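Okay, here's what each chain looks like letter by letter:
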Amino acid sequence: MRSPSTPRTHTRPASSHGTVRLPPIERPRRYIFLLLDRMTMMAFASAIEPLRLANQVSGQKLYDWKLASEDGQDVSCSNGVTLRVDMGLDEVTRDDTVLVCGGIDVTEATTKPILNWLRREARRGAAIGGLCTGAWAVARAGLLDGKRATIHWENQDSFAEDFEEVRLAKSVFVIDGNRLTTAGGTASLDLMLKLIARDHGEAMANTVADQLIYNSIRTDQDSQRLSIPTRIGVRHPKLAQVIGRMEANIEDPVSPAKLAEEVGMSTRQLERLFRRYLNRSPKRYYMEIRLQKARNLLMQTEMSVINVALACGFASPSHFSKCYRAHYQTTPYRERGTSGAAGEAGGDYDPGLIPEDDDCDLTGIDFPEEKFE
């Protein structure tokens, strides 16, 4: 036991500097992080920290990076933190990798000068990528046409509507040639570990992951979202199968009778299954999925209200507006923060024309041939 007169000693934690031996490199690989206004800090930090740690554990400068913005001025993140940048839209080399860091309101943050710069640097041979909603900016520049790409699951509906020529994946990250995209959040970490492994081997990537206390590295085959059983808190294979079919068929809803037939059940059995585990009918659950997609499209795209309705399987804008108001206590127009009358904005329907007492109980669904019992 230490006596009161014995001075307390402190042991320094073991340094990770130079713990992985690599042959000297000629020059570091450089990343240019283009920070869009109100970018998500989590996705950015998850990308830059693995590079710093790779330098640390190797004892040499494997990676270099610079932060850029449209005008060379500081950028505010969505959490209010301000980051100082190193450069504006300057020329980069063909060996550089440009990663666009997006966040909130990416459509407003993606200006014409940014698009022109991305196109110019892509023509010069630089690899181009998007972190989180930064993928939208890369796609808007036309640099993902014919490519596989991903984006945060909450933005996938609008992304698919805006960029039909992009092969959208639901994985955490995608590398297609010299185009890289991530779903955001910690998915950027998985991407960078993949790139570090490609550059300097699996041992280096694993050491960096250990430094980050990250013990489950995901690949480009891993899905962004939790499995359906995990999300709904129920492990019933037939229920998960039906919900999967619902989520995959929003624009052209599948009738309850058909869903039941596909899993070897009667419609009454399917009804009991949903009520037992989810406390709602299959039709109501399906309607909620469709309305969630509609809300995403309203908030994230410039699609007309009637086109949103059609994209979510509603045969008429009036039915869509009734059900939307019943579920979200507001109309599609008010959700978007606009107002209009019938005939405006390409003939959108004016939800104010619906009588206040004309409610929707979310049990109606547009099945022209099938009727749910």
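For the structure, check the block above.
This write-up is about the structure you can find in this document. (Residues numbered from 1 in each chain as written. Predicted model: local features only at pLDDT ≥ 70, side-chain atom pairs only at ≥ 80, totals over all residues. Heavy atoms only, no water.)

**Comments concerning the sheet that holds strand β1 (residues 29-35)**
Inference 1: Here six strands make up an open sheet; going across it, the order is β2-β1-β5-β6-β10-β9 and the pairing mixed. Since the sheet does not close on itself, it has two edges, and those belong to β2 (63-68) and β9 (173-176), each with one partner. Adjacent strand axes in the sheet meet at a mean angle of 15°, parallel and antiparallel pairs treated alike.
Inference 2: Packing against the sheet, helix α1 (residues 41-58) makes contact with β1, β2, β5 (97-101) and β6 (127-131), and its axis sits at approximately 150° to β2.
Inference 3: Contacting β1, β2, β5, β6, β9 and β10 (179-182), helix α6 (residues 187-200) crosses the sheet at an angle of about 40° to β9. (Pairing = 2+ DSSP bridges. Helix = DSSP H or I, 4+ residues; strand = E, 2+ residues; numbered from the N terminus. Axes fitted to C-alpha atoms, helices over the stretch in contact; angles between N-to-C directions. Contact = heavy atoms within 4.5 Å.)

**Topic: helix α14 (residues 317-328)**
Inference 1: Compared with an ideal rise of 1.5 Å per residue, which puts 12 residues at 16 Å, α14 spans 16 Å between its outermost C-alpha atoms and is within 8% of the ideal.
Inference 2: Among all positions in α14, only His319, Phe320, Ser321, Cys323, Tyr324, Arg325 and Tyr328 are buried.
Inference 3: Lining the buried residues of α14 we find α12 (282-300), α13 (305-311) and α15 (332-336).
Inference 4: Phi for glutamine 329, located one or two positions after α14, is positive at around 60°. (Expected span 1.5 Å × (residues − 1). Buried < 20%, exposed > 50% of the residue type's maximum accessible area, 1.4 Å probe, protein only.)

**Digging into the packing of aromatic side chains**
Inference 1: On inspection of all chains with the given rule, the structure shows nine aromatic pairs.
Inference 2: Residues phenylalanine 159 and phenylalanine 163 carry aromatic rings whose centres are separated by 5.0 Å and whose planes lie at 55° to one another, so their mutual orientation is tilted. As far as burial versus exposure is concerned, phenylalanine 159 and phenylalanine 163 are alike and both buried.
Inference 3: Put simply, the rings of Tyr31, Phe33, Phe44 and Tyr63 pair up and form one aromatic cluster.
Inference 4: The ring of tyrosine 328 carries arginine 295 above its face, with NZ or CZ at 5.6 Å from the centroid. (Phe/Tyr/Trp six-rings, centres within 6.5 Å; stacked < 30°, edge-to-face > 60°. Lys NZ or Arg CZ within 6 Å of the ring centre and 35° of its normal.)

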